[in-house]
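Letter by letter, the chains look like this.
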Amino acid sequence: LPACWDSQLFIKDLHFDGVPVRIYLPRQPSASKRRGVIFFHGGCGIFGSIRSYERLCRYIARKSDSVVVSVGYHLAPEHKYPAQTLDCLTATVHFLKAAETYGVDPARIIACGDSVGGTYAASVCQELGQRTDIPKIRAQVLIYPFLQALNFNLPSHQKNAAIALLSREHAVHFILKYLGKDCTLKQALLAGSHVPESMNSKYRKWVNPDLIPEVFKLGYKPPLPALFSPQVHAEVQELFEPWFSPLLAEDAVICGLPDTCIVTCGHDVLRDDGLLYKKRLEDNNIRVTWHHVAKGFH
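Residues numbered from 1 in each chain as written. Predicted model: local features only at pLDDT ≥ 70, side-chain atom pairs only at ≥ 80, totals over all residues. Heavy atoms only, no water.

Thoughts on the overall build of the protein chain
Now for step 1: The secondary structure content of the protein chain amounts to 10 helices and 8 strands.
Now for step 2: Here the protein chain has a C-alpha radius of gyration of 19 Å; the compact-globule value for 298 residues is 19 Å, and the two agree.
Now for step 3: In terms of overall dimensions, the protein chain has C-alpha extents of about 60 × 40 × 40 Å along its principal axes.
Now for step 4: Evaluated residue by residue, the protein chain yields a buried proportion of 56% over its 298 residues.
Now for step 5: Put simply, of all contacts in the protein chain between residues at least 6 apart along the chain, 75% involve residues at least 24 apart. (Helix = DSSP H or I, 4+ residues; strand = E, 2+ residues; numbered from the N terminus. Rg over C-alpha atoms; globule rule 2.2 N^0.38 Å. Buried < 20%, exposed > 50% of the residue type's maximum accessible area, 1.4 Å probe, protein only. Contact = heavy atoms within 4.5 Å.)

Pasting the structure below:
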């Protein structure tokens, strides 16, 4: 659907190297180049669109006097993973290179997204952190992001297992749909049967309930060890890729990340993903601002 007219913004539908985008430019002239925001919408990689996030993107553009680019990445399962991450990466690189065309300072562009959009923002920043041929992303804003598929039994998974709008079972169901996998694997993933002990040992320093602050662990009960299934593990290899689970990226990658803002919500199965990523970034001397909405939902 075309964008509605806005008295404060010019709104254009474009393509950045084949990726659909909608760009929101403030009508008021600016004495200097504006900030830029590249926004990736949520929806598990299956739902959502430029249109469904229009009000939010208009709001960001108006309130921050920024040029906002909303990315209409192609959705799964018709477009198989990692097409979504690649679309977000392509659109970001295009915007960084062409920023001045839109009156944007290329040194003041942030990547932002909610839910899986936060995953894409994190992945894009990890991918571009070491590149020297394009401007650096200034900051990333991750709004209740999904960041790991190793452990679905963290305190927030237990506490919010049956909370709307994203229950624990729904989260794993959508992951399997997104990857085009058999949804009968859901119970095995929920139990942790997809992860061998060698991998659990390797990543325990980053994905571990012991790293969650005590105030968020009230009532938490460590689950019984799961029986490992080599067949399930072989079927879901994508879950362990940093593009899918940015929390599993190596320290050399984390060290190259920009300033970060992480938003978490109290009633959200993904709350602990954000808390664990916050700790990883801080441990690697990345400046982090954290906002926790205690009564907020995913």
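Still more to cover.
Brief notes about the nonpolar core
Now for step 1: Counting residues in hydrophobic clusters, the biggest one holds 80 residues, and the most contacted among them are Phe 40, Val 71, Phe 95, Leu 189, Phe 244 and Tyr 277.
Now for step 2: Val 71 has contacts with Val 19, Pro 20, Val 21, Ile 38, Phe 39, Phe 40, His 41, Ile 50, Cys 88 and Ala 91, leaving out every residue within four places of it along the chain.
Now for step 3: Of all hydrophobic cores here, the second largest spans 14 residues; its members include Leu 9, Phe 39, Cys 57 and Val 68. (Core = buried A, V, L, I, M, F, W, Y, C linked by side-chain atoms within 4.5 Å.)

A few points about the UniProt feature "domain: Alpha/beta hydrolase fold-3" (unreviewed entry) in the protein chain
Now for step 1: Under the UniProt annotation, the feature "domain: Alpha/beta hydrolase fold-3" (unreviewed entry) is placed at residues 37-183 and 237-298.
Now for step 2: Taken end to end, residues 237-298 has its terminal C-alpha atoms 26 Å apart, with 27% of it in helix and 31% in strand. (UniProt positions renumbered as here; feature names shortened; annotations may be inferred.)

Some details on the domain arrangement of the protein chain
Now for step 1: Segmentation of the protein chain into domains returns domain 1 (9-148 + 242-297) and domain 2 (155-240).
Now for step 2: The gap between the C-alpha centroids of domain 1 and domain 2 is 25 Å.
Now for step 3: Each side of the interface is counted separately: domain 1 has 34 residues, and domain 2 has 28 residues.
Now for step 4: Buried area between domain 1 and domain 2, both sides added, is near 2700 Å², and the carbon and sulfur share of it is 69%.
Now for step 5: If you sort the residues of domain 1 by the area they bury against domain 2, Phe 244, Leu 248 and Val 269 come out on top, with a joint share of 25%.
Now for step 6: For the pair domain 1 and domain 2, the interface holds 1 salt bridge.
Now for step 7: Between Glu 250 and Lys 202 there is a salt bridge, and its shortest N-O distance comes to 4.0 Å.
Now for step 8: One can count 9 residue pairs in polar contact (both at pLDDT 80 or more) joining domain 1 with domain 2.
Now for step 9: Breaking the side of domain 1 that touches domain 2 down by element, the ones donating at least two residues are β7 (259-267), α10 (271-283) and β8 (288-297). (Domains from an automatic or database assignment. Buried area = accessible area lost by both parts, 1.4 Å probe. Salt bridge = Lys/Arg side-chain N within 4 Å of Asp/Glu carboxyl O. Polar contact = N/O pair within 3.5 Å; in protein donor to acceptor, adjacent residues only side chain to side chain.)

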